[in-house]
Structure formats: structure tokens, C-alpha cells
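Understanding the architecture of this molecule
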Amino acid sequence: YIYSNTIFGGHSLSAVSSGIFTNGDAAPHVVNNIIVAGLGSTPLTTYGFNQFAANPPTRFLHNLLLCVEPSAVPYRDNGWGMDYLNENDIDNFLTGGVPDPNYAGYRVSFGENPSDYFVDFVPGDTEGEFFGENWRLSGGGSGSVRSMGYDLAVDPWHPFSRDRAGNNRTVPWSVGAYEY
């Protein structure tokens, strides 16, 4: 289960960086996450969710995929070699075009800066400095991030009701590791 996290694809010395990378038979539940595809001129390509696994996620809902770099891809299916660049394409790939409550996504436009969303995020930080960032939502960025989260307190798979800091989540839930 990958629930209510803030995930940063980071920097890599290779040509590819991924916020979440699946392989083999992995089919995780990916719910309520903020996934930053990565920053910087290296790597050449950054992915929010990179599906190298044979199967798509079991559930993929209420995730914010931040794609900052022009080459960033919110969702990659390596099995078919396809990049899905917007919410409709991701939903159609995951559901075959048939609405399914287990799959609903959200992606901000390209070029929107993560620093608009978080209390303390400085683009281009090193990996070591990354851990000192304050990933709490600042109230900036897309307003729906503060209220588009899935209420995991009633989730049949893995219920919980607190954020990373131990604060109670409130309805409507925020996306990411911290409640706004």
C-alpha cells in the first residue's frame, strides 16, 4: 500500500528518475499521494509513476502528479512503451474507458512549481537537503489539493485517520502526507 505520502522522484545520475517505480508482479494500491516526478537537467526524463510491472496498480486514486520539467511524464507504462500525459489518458489506460471507482487521478499542468504547494520546498536542492524540507501544504497551488483527498478512515483495504505528524485528518481530506 502506498497511501498518503509525499514522494519526490529526486535527482539521478542515470537518464531516468521515477517517483514510484513498479516491477515484476507489483500491483500496489496508490492512494492520496503527492508525487513529484523529479527536477533538474539530469536525468533526461522524469516520471511520476513508472509502471515496469506486468500489471497496473490495483487502485490509483486521488494522487497529485506534479510534473515540473518539460520532459516529465506523469504516468509511464513500459510494457506498451506508452506515456500518459493527462488525467483522461491515465484513466482510460487504467479502466479501458469504463468508469471505475478504484481509479481516479489528478495531475496539475506542466511547469507548476512544487514550491507553490509546500511550506518549504526549494527546487534544485540536493538529496541531503531534501530531507530537511517542510512538505506540509502551504495553501498555495491548486486549491483542490487541500480538499480532493480520499477519506481513508473508511477505506476497506487499509483504514487510518492521522497524517504523518499524528494530526487527525478532517473531511474533506488533503492529498499527501499532511492534512492542510
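Whatever comes next refers back to the structure up there.
What comes next is a walk through the structure. None of the values given here were measured: they were computed from a predicted structure.

Topic: the pattern of salt bridges
- Counted under the stated rule, the structure contains three salt bridges.
- The shortest N-O distance in the salt bridge between R59 and D155 comes to 2.7 Å. With R59 in strand 7 (residues 59-66) and D155 in the segment after strand 12 (134-137), this residue pair connects regions lying 96 residues apart in the sequence.
- Given the relative accessible area of 3%, D155 is considered buried.
- In this structure, D83 engages R76 in a salt bridge whose closest nitrogen and oxygen atoms are separated by 2.8 Å.
- According to the relative accessible area criterion, D83 is partly exposed, its value standing at 33%.
- Taking the relative accessible area as the measure of exposure, R76 reaches 15% and is therefore buried.

A few points about the sheet that holds strand 3 (residues 16-22)
- In spatial order, the strands read 3-6-8-9; together these four strands make up an open sheet with mixed pairing. With one partner strand each, in any of the chains shown, strand 3 and strand 9 (82-84) form the two edges of the open sheet. Sheet twist, expressed as the average angle between the axes of neighbouring strands with direction ignored, equals 30°.
- Sheet topology places strand 8 (residues 73-77) next to strand 9; three bridges connect them, and they run antiparallel.

Quick notes on the rules
- Residues numbered from 1 in each chain as written.
- Predicted model: local features only at pLDDT ≥ 70, side-chain atom pairs only at ≥ 80, totals over all residues.
- Heavy atoms only, no water.
- Salt bridge = Lys/Arg side-chain N within 4 Å of Asp/Glu carboxyl O.
- Helix = DSSP H or I, 4+ residues; strand = E, 2+ residues; numbered from the N terminus.
- Buried < 20%, exposed > 50% of the residue type's maximum accessible area, 1.4 Å probe, protein only.
- Pairing = 2+ DSSP bridges.
- Axes fitted to C-alpha atoms, helices over the stretch in contact; angles between N-to-C directions.

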